[in-house]
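Notes for the structure review
Read off the chains here:
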Amino acid sequence: MSATTVKLSSATISEKLLAIAKNVLQKVTQAMLLPMIGISIFLILWSITAQSIQTSLGEFPGPAAVATQFVTLYEEHTLEREKADAFYQRLQKRNAAKLAKDPDYVVKSRAYTGKETFLDQIFTSLVTVTSGFLVAAIIAIPLGIWMGLSKRLNSALNPIVQVFKPVSPLAWLPLVTIVVSAVYVSDDPAVSKSFLTSMITVSLCSLWPMVINTSIGVSSIDSDLLNVSKVLRLPALTHVRKIVLPASIPMIFTGMRLSFGIAWMVLIAAEMLAQNPGLGKFVWDEFQNGSSNSLARIMAAIIVIGFIGFLLDQMMLQLQRKVSWDKSS
Amino acid sequence: MSSSITATNTGKSRFLDISHIDMDFPTPTGSFTALKGVDLQIEKGEFISLIGHSGCGKSTVLNIVAGLYQATKGGVLLQNKEVNEPGPERAVVFQNHSLLPWLTAYQNVELAVKQVFNKTMSKIEMREWIEYNLRLVHMDHAMHKRPSEISGGMKQRVGIARALSMQPEVLLMDEPFGALDALTRAHMQDALMDIQNELNNTVIMITHDVDEAVLLSDRIVMMTNGPEATIGEILDVKLERPRSRLALAKDLEYNRLRSEVLTFLYEKQRKVENIHQKTATTTVQQQENKKQVNEK
């Protein structure tokens, strides 16, 4: 009798384990296996197609060629760093020697002016896009809140926003370049003109989604919440701080995410033309360079650009989850 | 009935005087007169229910007393001062609780208390006062929860605590229990009667529920159908307090009052318009109401 119960219970246990295993397998398939299959098929198709495209710079690069270039780009980076270190060591020695000879000698320091590596360019791009985006946010969010609060201001500014929103960064760039050259004149510039041009272009293009989303978020706040504020006679500033801002945070973040995506796309184009030493310039230089490796290096840059764009969006999403009270978004 | 209105009107100045109010809403097809000649005097400590079919302008009356709307003609005097803007001395409990979803129950009440008693209370006094009000509505166990974490009835309790915490001269309630299920509603009514026993506030409450009106009120104000809605009849409810819903169920006077209200609503003021027309006018009116509030 007892033997049968043991048998029975062990049977149910193994059944349960089986069900759990099935569940886990399903989740692994969903999260890992299927994406991996997708990527594999993409890589296979890519390498097959690549072989059949002949360009003036040789065969179109397949996945293997691009992977090799990733390694090369990294090696170039470490090599350049070593060179820079060697340069600074020499400089230090020379200065020390001169000081020993003449104690009044004023030490001159020179920056290493070697070429930027791929990693440096990634860093420059990130700095440029972040500063451009922040400038846009500092203008757009207060403006959007104001437009959302005042119907009159909204009516006055909405046509302007709607007209400027669809303008391509390439159209802004010549204007920005000329204006920056004319206005930003300094003997000892804190930032280069090319940085400023790219940054301003990024700001000009990423401004609008934030303005629009913020103003919609503010103007669509539940009228009950506004009535609460009226009954409490909250002063204007408290009203904005305690009611308007928290209520529209989800919409503001939606606008910010849209804007950051646009900013990143705009940046590559802006850097190409403004010659800001970022990823855009890298692509442009490789295009002008026209070596047998150029296409593979451009392809490597494209993958990096895509990855960074994805990571930036995820970062914004995490930030939104942290800041916003609305956990459903 | 009109004779009794004039009679009360000739008396001395009342605590709250809603005086000959007309309310027109502009619509694309011309002006829509929602209220015409609404006139009501309320004593301190009185519990008044406004009852009537939907779209009859009950909420409009309440919003005018709250100061959220401005009457086209006539006006409201509270202790001989004209009401022309919203303020915490006329606290409102909204139908949909309207708690700020990013604040906890405590913080929601705190926002009101900080605004109203900023100059007269110390920080410790404020904290005690907030906790007292949340205890009053039996929400002290969940005061650090956000609205999304508590039930509909609990949210409405916090909404009431927030209104009470302003120590209003008049408490305005716009169908406070309309969105709750019947059992929760009964609980809330009992809780409200307890609070009323303790604080003896002046209350104006809008309701659709005949039992609720008879159970809670000192007077039931029944409104005619719009457009040009006005006060049809006023019913004095002289049932002894404290009232118990169980004992009253068999009470003759209770049942007489109940049937009076029912007669008014379903015989004298029966809705005769066809349904399509009715929904059309109410939606237009609701839109107008929203517009009015937003424009302020």
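Here goes a summary of the coordinates provided. Given the structure is predicted, the values throughout are model-derived calculations rather than measurements. Numbering of residues starts from 1 in every chain and runs along the sequence as written. The lettering of chains begins at A and the numbering of ligands begins at 1, in the order of writing. Under the rules for a predicted model, residues below a pLDDT of 70 receive no local features and side-chain atom pairs below 80 are neither given nor counted, while totals for whole chains, interfaces and linings still include all residues.

All names here are of chain B. Between any two strands, at least two bridges found by DSSP are needed for them to pair. Each helix is a run of DSSP H or I of at least 4 residues and each strand a run of E of at least 2, with the numbering of both proceeding from the N terminus. Strand order in the open sheet formed by 4 strands is β2-β1-β4-β5, and the pairing between neighbours is antiparallel. Looking at which strands have only one partner, the edges of the open sheet turn out to be β2 (30-42) and β5 (81-82). Looking at chain direction, strand β4 (residues 73-78) and β5 are connected through 2 bridges and run antiparallel. Across the sheet, L78 pairs through a bridge with K81, a residue of β5.

All names here are of chain A. Following both chains from N to C, one finds helix α4 (residues 151-164) and helix α6 (residues 193-219) inclined at 145°, their axes separated by 10 Å at the closest point. Handedness of the α4/α6 crossing: left-handed. On α6, the residues that touch N154, V161 and F164 of α4 are W208, V211, I212 and S215. Polar here means any residue other than Ala, Val, Leu, Ile, Met, Phe, Trp, Tyr, Cys and Pro, which are nonpolar, and Asp, Glu, Lys and Arg, which are charged; Gly is therefore polar. Broken down by class, the residue content of the contact of α4 with α6 amounts to 5 nonpolar, 2 polar and no charged. Fitted lines through C-alpha atoms give the axes, limited to the stretch in contact for helices. The angle between two N-to-C directions lies from 0 to 180 degrees. A clockwise turn of the near helix away from the far one marks a right-handed crossing, whereas an anticlockwise turn of less than a right angle marks a left-handed crossing. Once C-beta atoms are placed from the backbone, any two residues with those atoms within 7 Å are in contact.

Nonpolar cores are identified as sets of buried Ala, Val, Leu, Ile, Met, Phe, Trp, Tyr and Cys residues joined via C-beta atoms within 7 Å. Around each residue's C-beta, the other C-beta atoms within 10 Å are counted; 20 or more make the residue buried, 12 or fewer make it exposed, and counts in between make it partly exposed. All C-beta atoms are placed from the backbone. Residues V202(A), A263(A), V65(B), L134(B), L172(B), I204(B) and V261(B) are the most contacted members of the largest nonpolar core, which totals 137 residues. When residues of this core are assigned to their parent elements, the largest contribution, 19 residues, is made by helix α8 (residues 236-274) of chain A. Setting aside residues up to four positions removed in sequence, L172(B) forms contacts with L62(B), V65(B), A66(B), R90(B), A91(B), V92(B) and I204(B).

This part takes up unusual backbone geometry. Residue and element names in this part refer to chain B. Note the cis peptide between R241 and P242, where omega equals -5°. Mapping P242 onto the fold places it in the loop between β10 (231-236) and α8 (245-248). For N80, which is not glycine, the phi dihedral falls at a positive 65°. If you trace the backbone, N80 turns up in the loop between β4 and β5. Using a count of 9 C-beta atoms within 10 Å as the deciding quantity, one classes N80 as exposed. At N200, a position not held by glycine, the phi torsion is positive, near 50°.

Looking now at the interface of chain B and chain A. Opposite the 19 residues of chain B that make contact, chain A presents 14 residues. Its residues assigned to classes, the side of chain B that touches chain A comprises 13 nonpolar, 5 polar and 1 charged.

Residue and element names in this part refer to chain B. In spatial order, the strands read β6-β7-β8-β3-β9-β10; together these 6 strands make up an open sheet with mixed pairing. The open sheet has two edge strands, β6 (90-93) and β10, and neither has a second partner. On average, each strand axis in the sheet is tilted by 20° relative to the strand beside it, whichever way the strands run. As paired strands, strand β7 (residues 170-174) and strand β8 (residues 202-207) are joined by 5 bridges and run parallel to one another. Counterpart to L172 in the pairing with β8 is I204.

Here we take up the packing of helix α9 (residues 279-289) of chain A against helix α10 (residues 294-323) of chain A. Residue and element names in this part refer to chain A. The contact between α9 and α10 brings their axes to 9 Å, and the two run at 165°. In this view, α9 runs roughly antiparallel relative to α10, as classed from their interaxial angle. Note that α9 runs across α10; the crossing there is left-handed. Listed contacts from α10 to L279, F282, V283, E286, F287 and N289 of α9 are S294, R297, I298, A301, V304 and I305. Considered class by class, the residues forming the contact of α9 with α10 number 8 nonpolar, 2 polar and 2 charged. Each angle is binned into one of four classes, with values under 35 degrees roughly parallel, values over 145 roughly antiparallel, values of 65 to 115 roughly perpendicular, and all other values oblique.

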